[in-house]
Amino acid sequence: MEKYYFNHLNISKNSVVFTWDDNFSSHYDIIAPIFLDYNYRCTFYINPGENNFINLYYKGYQNICNKGFELGSHGYTHHHFGKYSFYDFAFQLNESRKIIQELFSVTPSTFAFPHHDSTNEKLEYSKSVYLETRNSLKNSKRFSLKTNTNTNSILHAIEDSANKKYTLVFSGHSILNDVIDIKECGYEPIRIRTLITILEALYNNKDIEVCTFEQSCLKTYIVNNCKYNNSYFELTKNHKKVLENFGLNEERIIQII
């Protein structure tokens with residue numbers, strides 16, 4: 001067994017995760033800077049096979065990837081995967097993983113189904129390609145962030161997750177402020193003042209830590225499979241082999257833990 005010390009994460013704290021879908025410049029122009037103001041990181045689920053991805057989005061996502069934000073897979077392109085043939089679905093998952101790895105020199109370890117559209121068979125296959133999906137993390141609940149989502153309902157969900165000790169996973173698309181047309185923000189962009197209210201509440205809650213979905217998945221893996229305490233955890237050769245298969249090699253584990 002090999003011992004690893006927690007640096008960025010607190011295994012005893014409840015995880016709250018923010019995930020953002022699709023390709024939008026607001027991810028790196030607005031959302032990421034807001035999170036950096038609180039020294040938080042979040043997850044962006046991108047589609048690297050969409051038209052003009054390199055010209056429109058590559059530099060922006062590369063910049064925030066270098067700052068510790070997670071770039072996860074949302075498929076190679078954005079479709080309802082539940083209706084895809086198994087062959088086409090497998091291509092979407094593997095090609096997305098391959099291209100993100102080639103572009104950003106990091107292997108995406110988590111996946112989010114576009115439109116949350118999956119079947120049991122495809123969910124099972126996705127967990128052979130990725131460590132975890134946003135649809136299947138144990139002891140977690142997803143909360144969809146929309147333009148007119150009531151702030152009190154969000155704060156109640158945060159309190160509930162802390163009391164009941166489950167991972168709260170927020171899912172949204174983009175953000176709305178005075179200079180961005182809502183039509184360019186995808187489905188139901190959250191209002192900027194709502195996001196700031198949420199982050200302020202989390203910043204003052206000492207029982208919760210905000211982390212990426214990848215980090216929350218690694219915490220869950222450690223709790224369910226490894227010997228650990230509040231200071232360190234231990235990985236066997238088999239643990240390391242499993243995690244490395246999903247892009248979490250020793251260097252990556254040390255970087256995010």
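In this text the structure is predicted, and so the values were computed from the model without any measurement.

Caption draft 1: Here's a closer look at the packing of aromatic side chains. Applying the stated criterion to the full structure yields 25 aromatic pairs. Ring centres 5.8 Å apart and planes at 65° place the aromatic pair Y38 and Y203 in the edge-to-face group. Taken together, the residues Y38 in the loop between α1 (25-37) and β3 (43-46) and Y203 in helix α6 (residues 192-203) connect sequence positions 165 residues apart. By relative accessible area, which is 45% here, Y203 ends up partly exposed. Taken together through their ring pairs, the aromatic side chains of Y28, F44, F53, Y57, Y58, Y61, F69 and F104 make up a single cluster. Looking at R41, its charged tip hangs above the ring of F69, at a distance of 5.5 Å from the centre. In this arrangement the basic side chain of K141 is found over the ring face of Y166, its NZ or CZ atom lying 4.7 Å from the centre.

Caption draft 2: Here's a closer look at the nonpolar core. F18, W20, F35, F44, Y61 and L202 are the most contacted members of the largest nonpolar core, which has 41 residues in total. Ranked by residues supplied to this core, first place goes to α1 with six residues. Excluding residues that lie within four positions of it along the chain, L202 makes contacts with V16, F18, Y40, I158, I208 and V210. C217, I222, C226 and F246 belong to the second largest nonpolar core, which has 25 residues in total.

Caption draft 3: Broad picture of the sheet that holds strand β1 (residues 2-5). Spatial ordering of the open sheet is given by β1-β13-β12, a layout of three strands whose pairing is antiparallel. Whereas interior strands pair on both sides, the edge strands pair on one side only; in this sheet they are β1 and β12 (227-228). Note: β12 against strand β13 (residues 232-235), two bridges, orientation antiparallel. When the sheet's bridge partners are listed, Y228 is paired in β13 with F233. In the packing of helix α8 (residues 237-245) onto the sheet, the strands contacted are β1 and β13, and the crossing angle to β13 comes to about 90°.

Caption draft 4: Layout of the packing of helix α7 (residues 213-225) against α8. Look at α7 against α8: their axes get within 13 Å of each other, and the N-to-C directions meet at 155°. Considering their axes alone, α7 and α8 lie roughly antiparallel with respect to each other. Crossing of α7 over α8 shows right-handed handedness. Contacts from L218, Y221 and N225 in α7 reach H239, V242 and L243 in α8.

Caption draft 5: Main features of the layout of surface pockets. In this structure, the largest pocket encloses a volume near 860 Å³. Lining the largest pocket are 38 residues, with R41, G68, Q215, Q255 and I256 positioned closest to its centre. Residue assignment for the lining of the largest pocket shows that the elements contributing at least two residues are α2 (53-65), β4 (70-73), α6, β11 (208-211), α7 and α9 (250-256). When grouped by side-chain class, the residues that make up the lining of the largest pocket number 14 nonpolar, 15 polar and nine charged. Contributing to the lining of the second largest pocket are 16 residues, with N139, K165, T167, T220 and V223 lying nearest its centre. The dominant element in the lining of the second largest pocket, judged by the number of residues it contributes, is α7, at five residues. Across the lining of the second largest pocket, the residue classes tally to four nonpolar, eight polar and four charged.

Caption draft 6: The pairing of strand β8 (residues 167-172), seen in detail. Extensive coverage of β8 is indicated by the burial of six of its six residues. Going residue by residue along β8, you find T167, V169 and S171 tucked away on one face and L168, F170 and G172 tucked away on the opposite face as well. The pairing of strand β2 (residues 14-21) with β8 spans five bridges and is parallel. Of the residues in β8, the one forming a bridge with T19 is S171. Note that strand β7 (residues 140-144) and β8 share five bridges and pair parallel. Within the sheet, the bridge partner assigned to S140 lies in β8 and is T167. Once you follow β7 into helix α5 (residues 151-164) and on to β8, the crossover reads as right-handed.

Thresholds applied
Residues numbered from 1 in each chain as written. Predicted model: local features only at pLDDT ≥ 70, side-chain atom pairs only at ≥ 80, totals over all residues. Heavy atoms only, no water. Phe/Tyr/Trp six-rings, centres within 6.5 Å; stacked < 30°, edge-to-face > 60°. Helix = DSSP H or I, 4+ residues; strand = E, 2+ residues; numbered from the N terminus. Buried < 20%, exposed > 50% of the residue type's maximum accessible area, 1.4 Å probe, protein only. Lys NZ or Arg CZ within 6 Å of the ring centre and 35° of its normal. Core = buried A, V, L, I, M, F, W, Y, C linked by side-chain atoms within 4.5 Å. Contact = heavy atoms within 4.5 Å. Pairing = 2+ DSSP bridges. Axes fitted to C-alpha atoms, helices over the stretch in contact; angles between N-to-C directions. Parallel < 35°, antiparallel > 145°, perpendicular 65-115°, else oblique. Left-handed = near helix turned anticlockwise from the far one by under 90°. 1 Å grid on protein atoms, 1.4 Å probe; cavity = no way out; pocket = protein on both sides within 12 Å on 5 of 7 lines; lining within 4 Å. Points joined across faces, edges and corners; volume = space filled by probe spheres on them. Nonpolar A, V, L, I, M, F, W, Y, C, P; charged D, E, K, R; others polar. Right-handed = clockwise from strand over helix to strand, strands pointing away.

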